[in-house]
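Structural characterization, general
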Amino acid sequence: MRNTIVSLLAVLFGLLAGALLMAVTGHNPFEGYRYLFEGGMRDISRFGDTLATATPLIFTGLSVAFAFRTGLFNIGAAGQMLFGGFCATAVGLTLDLSKPLMLVCTVLAGFLGGALWAFIPGLLKAKFNVHEVVSTIMMNWIAYWTIYYMVPAYFKGEYLETESRQLPDFASLKSPFLSEAFGGSYINLGIFLAVLAVIVIAFIINKTTLGYELKAVGFNRHAAEYAGIGVNRGIIVSMLIAGGLAGLGGVAEFTGNASNIQIGKLPTQGFDGIAVALLANNAPLGVLFAAVFFGLLYSGRGFMNAMTDVPPEIADSIIAIIIYFAATSILIERLVRKLLRIRADKREQSAEKGRES
Amino acid sequence: MWDLIVDIFPYAVIYTIPLLITALGGLFSERSGVVNIGLEGLMVVGAFTGALVIFQLHDAWTNHPIVLWIGLLAAALFGAVFSLLHAFASIHLSANQIISGTAINMIAGALTVFLARNMTGSGNIRIVSGFQPFDVPLLSSIPVVGELLFTKTYATTYVILLILVVCVFVLYKTKFGLRLRACGENPQAAEAAGINVYKIRYMGVLISGAFAGLGGAIMMVTFAGEFTGSVAGLGFLALASLIFGQWRPLGILGATLFFGFASTVANVSQVNPALQVIPPILLKVFPYVVTLIALVLFSKSSQAPKAIGEPFDSAKR
């Protein structure tokens, strides 16, 4: 409960900071926010876009949150997502299968690609005690440059060197039926996959022996070891699952929301995933809500930019500031504690008054 | 082969310099015990500030080099100011330093483009003219060394090399350096010896902000020429150099030169067929792979500061 309050306050402070930023640069914050939120949920099609934008964030948020539960900081979700998305795209552009079979293959390829990218840091952590933050950062940039050279070499686009060919319809998560149901939105099958992932991960964390063991490793590595839990195995398994989830995020982004993969950028969703996990306090259901909220900010910014002259980067700024507030949550906690104490004091005082009279 | 090296070397040096100064900044922060993965963001802030100041002052002093130097100074200053966010979170609030650093990266990337867009519309700031490469008189005619180090070079290169020498001196020969290193190894003992750990760590982070800001701005006034909202991973490459150089100034110099050279060869291999024997992909992933290997090899004997990443709690002994 207290964690939820802290998260909500972090969001509130983030939004206030955003308002301040708009005001300082000569924009009207009320107008800005009105169009920002309208742009994310004015009608069913915009809401569909919000959900689609949130889909990769759900995956990367789950990825970071899951690793956190084992005491691991997966800052490499961006690289895992990129590599997973690349594997899925490669499969989609190479194989020639019927749509259902194809989707199974691309999803599997994405999961395995992401898992492979996280396996190396997991192994290095378990075997050599290499800190996973450093190794996953290195893996991010290895993924960046691998995709940078592999895409033009093997999957070059028709017009641009900097992106891959368009995926054929039968290899895309896009579904005409779903799109129409949402009034022409680019929402796709990825969202179902994401909701499924939330349920599965919640089940693993809360209801299985594996989840119990991984959490034990996260709480106290030495106590877990003493209790006979394979700590090293746990670290590797946790990274595999976290990487696979981020890889699925790549599938959702590059074969669902987009229809090809571009070179020269690390997906921002990888780092936004950290924000999602922090706000969600590493709970799977919380990840869902936090991701949809960020999806709303991201998908509404285009509309806001069209209706006002507030630059779209305000959404990114707000999210980044929210992370900072979440990181410094001790400040907010102090505030909450102080408020609670004042309320308790007041109640005591009024109770005393009641007795006196 | 020699001609090829002579051709590339000046470019490699140009690419190495921003990397070197940023990694040196990271060194101060990490030796004081604060992990700083926000170097990338601090570089972006530096590039933004530098570009903005130079752009604005350009009308006052057209084409005068003083404008560029003022830009660099402003970049260092603002880098330091921005790093206060990280210092405050990780030193005063015992926040997770990785999360705080990530937040720095994200805020820098988003905020600078937001501000730039408010001013220029496109989010990019192009400076009219940056530093011009020149040959150092006399020194450039020294055989071998002259060709490598004193031709097609920038004034900033020597400033940074001078800063490197000063850094070595400060870190190993002054009271401040000793205290800084003590705070990174054993802050409790440092405190018991009467050192104000908080103050020293603030200094460490501020220096890292100033140096990274300077690095971002130097990149902008030498080879980039404009602010685009990102420094393309150079900050993380600096972080890799810091680790590969095992948290020592000369190690960092070696690592940044090594990585700078590899990246440069990859960058120019498209125009120079002789360099295509090594696929550019290998050269580009090389710094990160060797850093991973170094982490494994040094896992038993790592020179990393002992108290790195731990919030300082003076009550904990």
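Per chain, the residues get numbers from 1 upward, laid out in the order the sequence is written. Chains and ligands are labelled by the order in which they are written, letters from A for the one and numbers from 1 for the other. For a predicted model such as this one, the threshold for reporting local features is a pLDDT of at least 70, and the threshold for listing and counting side-chain atom pairs is 80 or more; totals across whole chains, interfaces and linings nevertheless cover every residue. Excluding hydrogens and water, the side-chain figures rest on all heavy atoms present in the structure.

1. Here we look at the overall build of chain B
The numbering of helices and of strands both runs from the N terminus, where a helix is a DSSP run of H or I of at least 4 residues and a strand a run of E of at least 2. Scanning chain B for helices and strands turns up twelve helices and two strands. N-terminal to C-terminal, the α/β element order of chain B is α-α-α-α-β-α-α-α-α-α-β-α-α-α. This radius of gyration counts C-alpha atoms alone. The globule rule is 2.2 Å times how many residues there are, raised to the power 0.38. Taking 317 residues into account, the globule formula puts the C-alpha radius of gyration at 20 Å, and chain B, at 20 Å, falls close to it. Taken over the C-alpha atoms alone, chain B extends approximately 60 × 45 × 35 Å along its principal axes. Here the open area of atoms and residues is found with the Shrake-Rupley method and a 1.4 Å probe, where only the protein chains shown may cover a residue. On chain B, roughly 12,900 Å² of surface is accessible, and the fraction owed to carbon and sulfur atoms is 68%. Between the averaged position of the 16 positive side-chain charges in chain B and that of its 12 negative side-chain charges there is a distance of 12 Å. The charge count treats Lys and Arg as positive and Asp and Glu as negative. His and the chain ends do not count. Charged groups are reduced to one reference atom each: NZ for lysine, CZ for arginine, CG for aspartic acid, CD for glutamic acid.

2. Observations regarding the overall build of chain A
A count of helices and strands for chain A gives 15 helices and zero strands. Compactness check: chain A gives a C-alpha radius of gyration of 22 Å against a globular reference of 21 Å for 357 residues, within 12% of the reference. Seen along its three principal axes, the alpha-carbon backbone of chain A occupies a region of about 85 × 60 × 35 Å. Residues counted as buried form 58% of the 357 residues belonging to chain A. Intrachain contacts of chain A at a sequence separation of at least 6 include 77% that bridge at least 24 residues. Think of it in three bands: with a 1.4 Å probe and only protein chains considered, a residue is buried below 20% of the maximum accessible area for its type, exposed above 50%, and partly exposed in between. The criterion used for residue contact is that any of the two residues' heavy atoms lie within 4.5 Å.

3. Details of helix 9 (residues 209-219) of chain A
Of the residues making up helix 9 of chain A, those classed as buried are Gly211, Leu214, Lys215, Ala216 and Val217 of chain A. Where the residues of helix 9 of chain A are buried, they touch helix 3 (44-69), helix 8 (190-207), helix 10 (221-226) and helix 11 (231-257) of chain A.

4. Examining the packing of helix 1 (residues 2-31) of chain B against helix 6 (residues 155-173) of chain B
Residue and element names in this part refer to chain B. Each axis is a line fitted through C-alpha atoms, and for a helix only the stretch in contact is used; angles between axes span 0 to 180 degrees, taken between their N-to-C directions. Contact pair helix 1 / helix 6: the axes reach a minimum separation of 10 Å and the direction vectors enclose 25 degrees. Overall, the two elements helix 1 and helix 6 adopt an arrangement that is roughly parallel. Every pair of crossing elements has a handedness; the one defined by helix 1 and helix 6 is left-handed. Residues Val13, Ile17, Leu20, Ile21, Leu24, Leu27, Phe28 and Arg31 of helix 1 touch helix 6, and the partners they reach there are Thr157, Ile160, Leu161, Ile163, Leu164, Cys167, Val170, Leu171 and Tyr172. Under the scheme applied here, ten amino acids are nonpolar (Ala, Val, Leu, Ile, Met, Phe, Trp, Tyr, Cys and Pro), four are charged (Asp, Glu, Lys and Arg), and all others, including Gly, are polar. Grouping the constituent residues of the contact of helix 1 with helix 6 by class yields 15 nonpolar, one polar and one charged. Each angle gets one of four labels, with under 35 degrees taken as roughly parallel, over 145 as roughly antiparallel, 65 to 115 as roughly perpendicular, and the rest as oblique. Throughout, a crossing is termed right-handed when the near helix is turned clockwise from the far one, and left-handed when it is turned anticlockwise from it by less than a right angle.

5. Things to note about the environment of Ile207 of chain B
Residues and elements named next belong to chain B. Mapped onto the secondary structure, Ile207 falls in helix 9 (residues 197-224). Put simply, Ile207 and Ser29 are 178 residues apart on the chain and 7.2 Å apart in space, counted from C-alpha to C-alpha. Discounting chain neighbours no more than four positions away, the residues touching Ile207 are Gly25, Phe28 and Phe176.

6. Some thoughts on the packing of helix 10 (residues 234-244) of chain B against helix 12 (residues 280-297) of chain B
All names here are of chain B. Orientation of helix 10 relative to helix 12, taken along the N-to-C sense of each, is 35 degrees, at an axis distance of 9 Å. Once helix 10 is placed against helix 12, the crossing between them reads as left-handed. Along the contact surface, helix 10 presents Leu237, Ala240, Ile243 and Phe244, while helix 12 presents Pro287, Tyr288, Val290, Thr291, Ala294 and Leu295. Looking at the contact of helix 10 with helix 12 residue by residue, the classes come out as nine nonpolar, one polar and no charged.

7. Topic: the packing of aromatic side chains
Note on ring pairs: Phe, Tyr and Trp rings are taken, using the six-membered ring of Trp, and paired if centres are within 6.5 Å. Classes follow the plane angle, with under 30 degrees stacked, over 60 edge-to-face and the rest tilted. Following the criterion strictly, the structure yields 25 aromatic pairs over all chains and no others. For the pair Phe9 of chain B and Phe261 of chain B, a centre-to-centre distance of 6.0 Å together with 55 degrees between the ring planes defines the contact as tilted. Placement of Phe9 of chain B in helix 1 and of Phe261 of chain B in helix 11 (residues 249-268) is noted, with a sequence separation of 252 residues between them. Judged by centre distance (6.0 Å) and plane angle (85 degrees), the ring pair of Phe28 of chain B and Phe211 of chain B falls under edge-to-face. Here Phe28 of chain B, found in helix 1, pairs with Phe211 of chain B, found in helix 9; they are 183 residues apart in sequence, far enough to count as distant. Here Phe28 of chain B matches Phe211 of chain B in class, with each residue buried. An aromatic cluster of at least three residues, connected via ring pairs, comprises Trp141, Tyr144, Trp145, Tyr148 and Tyr149 of chain A together with Phe236 of chain B. When the ring centre of Tyr35 of chain A is taken as origin, the NZ or CZ atom of Arg34 of chain A, which lies over that ring, is 4.6 Å away. Put simply, a charge is over a ring when the Lys NZ or the Arg CZ is close to the ring centre, within 6 Å, and near the line of the ring normal, within 35 degrees.

8. Overview of a nonpolar patch on the surface
Candidate patch residues must exceed 30% relative accessible area and have no salt bridge, after which like charges are joined if within 9 Å and Val, Leu, Ile, Met, Phe, Trp or Tyr side chains if within 5 Å. When a carboxyl oxygen of Asp or Glu is within 4 Å of a side-chain nitrogen of Lys or Arg, the pair counts as a salt bridge. Residues Trp2, Leu139, Ile142, Val144, Val145 and Leu149 of chain B make up a contiguous nonpolar surface patch of roughly 470 Å² in combined accessible area. One can find Ile142 of chain B in the loop between strand 1 (125-126) and helix 5 (145-149).

9. A closer look at the nonpolar core
Joining through side-chain atoms within 4.5 Å is the link that ties buried Ala, Val, Leu, Ile, Met, Phe, Trp, Tyr and Cys residues into a set, and such a set is a nonpolar core. In terms of nonpolar packing, the biggest core is built from 209 residues, with Ile58, Ile75, Ile137 and Phe294 of chain A together with Phe211 of chain B touching the most fellow members. For this core, the element with the most residues is helix 1 of chain B, which contributes 15 residues. Not counting residues within four places of it along the chain, the set of residues in contact with Phe294 of chain A comprises Leu57, Asp272, Ala275, Val276, Leu279, Ile319 and Ile322 of chain A. Of all hydrophobic cores here, the second largest spans eleven residues; its members include Ala224, Val231, Ile235 and Ala242 of chain A.

10. Digging into unusual backbone geometry
All names here are of chain A. Phi at Asn129 is positive, roughly 55 degrees, even though this residue is not glycine. You can see Asn129 is positioned in the loop between helix 5 (99-128) and helix 6 (132-154). Residue classification places Asn129 among the exposed positions, given a relative accessible area of 54%. Phi is positive for Asn282, close to 65 degrees, though the residue is something other than glycine. If you trace the backbone, Asn282 turns up in the loop between helix 12 (269-279) and helix 13 (284-307). Taking relative accessible area as the criterion, Asn282 reaches 16% and is therefore assigned buried.

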